[in-house]
Amino acid sequence: MQPQLASFFDPATSTISHVVYDQPGGQAAIIDPVLDYDATSGRIAHGSAGRVLDFIRQQDLSVQWILETHAHADHLSAAAWLQQQAGGRMAIGQGIAQVQQLFKGIFNLGDDFPCDGSQFDHLFADGEVFPIGRLTARAWFVPGHTPADMAYQIGDMVFVGDTLFMPDVGSARCDFPGGNAAMLYQSVQKLLSLPDDTRLLMCHDYPPPTRPIAWQSTVAEQKQHNIHLHGGISQSEFVALRQARDATLDLPQLILPAIQVNIRAGQLPAAENNGVRYLKIPLDML
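A few points on the structure.

Quick notes on the rules
Starting from 1, residues in each chain are numbered consecutively following that chain's sequence as written. The predicted origin of the model limits local features to residues at a pLDDT of at least 70 and limits the giving and counting of side-chain atom pairs to 80 or more, whereas totals for whole chains, interfaces and linings rest on all residues. For side-chain calculations, the full set of non-hydrogen atoms in the structure is used, while hydrogens and water are omitted. Strand pairing requires that DSSP identify at least two bridges connecting the strands. Think of it this way: any DSSP run of H or I at least four residues long counts as a helix, any run of E at least two long counts as a strand, and we number them from the N terminus. In this scheme Phe, Tyr and Trp rings, the latter by its six-membered ring, pair at centre separations within 6.5 Å, and the angle between planes marks the pair as stacked below 30 degrees, edge-to-face above 60, and tilted otherwise. Three exposure classes are used, based on accessible area relative to the maximum for each residue type with a 1.4 Å probe and protein chains only: buried under 20%, partly exposed in between, and exposed over 50%.

**Quick look at the sheet that holds strand β4 (residues 34–38)**
Consideration 1: The strand order across the open sheet built from 3 strands is β5-β4-β7, with neighbouring strands paired in antiparallel fashion. Strands at the two margins of the open sheet, each flanked by one partner only, are β5 (43–45) and β7 (76–77).
Consideration 2: Of the strand pairs in this sheet, β4 and β7 are connected by 2 bridges, and their pairing is antiparallel. By the bridge assignment, L35 is partnered in β7 with L76.

**A few points about the packing of aromatic side chains**
Consideration 1: On inspection of all chains with the given rule, the structure shows 10 aromatic pairs.
Consideration 2: For the ring pair F103 and F107, a centre distance of 6.2 Å and an interplane angle of 25° mean the geometry is stacked. Taken as a pair, F103 and F107 share a single burial class, namely buried.
Consideration 3: Judged by centre distance (4.5 Å) and plane angle (35°), the ring pair of F124 and F130 falls under tilted. F130 matches F124 in its accessibility class, with the two residues each being buried.
Consideration 4: Three or more aromatic residues joined by ring pairs make a cluster, and in this case those are W65, F124, F130 and Y152.

**A word on the pairing of strand β12 (residues 150–154)**
Consideration 1: Burial of β12 is extensive: 5 of the 5 residues sit out of reach of the surface.
Consideration 2: Residues of β12 alternate between two faces, with M150, Y152 and I154 on one and A151 and Q153 on the opposite face, all of them buried.
Consideration 3: Across 3 bridges, β12 lies against strand β13 (residues 157–159) in antiparallel orientation. Pairing of I154 across the sheet is with M157, part of β13.
Consideration 4: Count of turn residues in the β12/β13 antiparallel hairpin: 2 residues, of which G155 carries a positive phi of about 65°.

Written out as structure tokens, the structure reads:
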């Protein structure tokens, strides 16, 4: 059985969320859902995730999984809200424990914050096989952008998270805590060893002005045209290119609110004694 796919672009964060399902009325996985967050007012909304939920209901789907490719730094996850609305198990790779440990000190999360991934319902091991209804999926460990990145292979599609972008955009940055450009190179080689016609589904797109938003390419297209990781580039060449580019990049606008929510599996901080929830903004730390 080939998977069915619906994708949803969030223009505020340039994120693409995906719904993969076996058939109408069947089982589904939601991948990388977005929670709307206005950094100026601190307001939360559910417009982006609501479109995903509407589709789930229109197709009469049962949500089996809510999958995160990693703890995103550019948007807040809507996984917890979608689980409340539609069920499903929230899952991420086992490497999330390392990311939690890296950021626990930055946000001073306290001794009662566990760094074992227990905020999620399931932690995938590299190569682990799991069902989505009548579909068979496999989780691949693809670190480099962060220590916890996963890709999900479902049928002839692989959801690559931030490991790769469209060929004319290249690859993800590797300068966040725990990032490693050499690891990213090795992870991409794993993906590019798949058959040439394998479809690769992106989590983001930042297109040049000459083309519209896109989020699907193939292994062959990436090997031929990726501006950072085309066939023939060596690991040392890529590492030098990636490090030089990363040195010029500003931090994502939402990195501070996003990380502290996303390492909690999309759970917002608990309300304080005045009934208000607060996010922390550490000064002079990043």
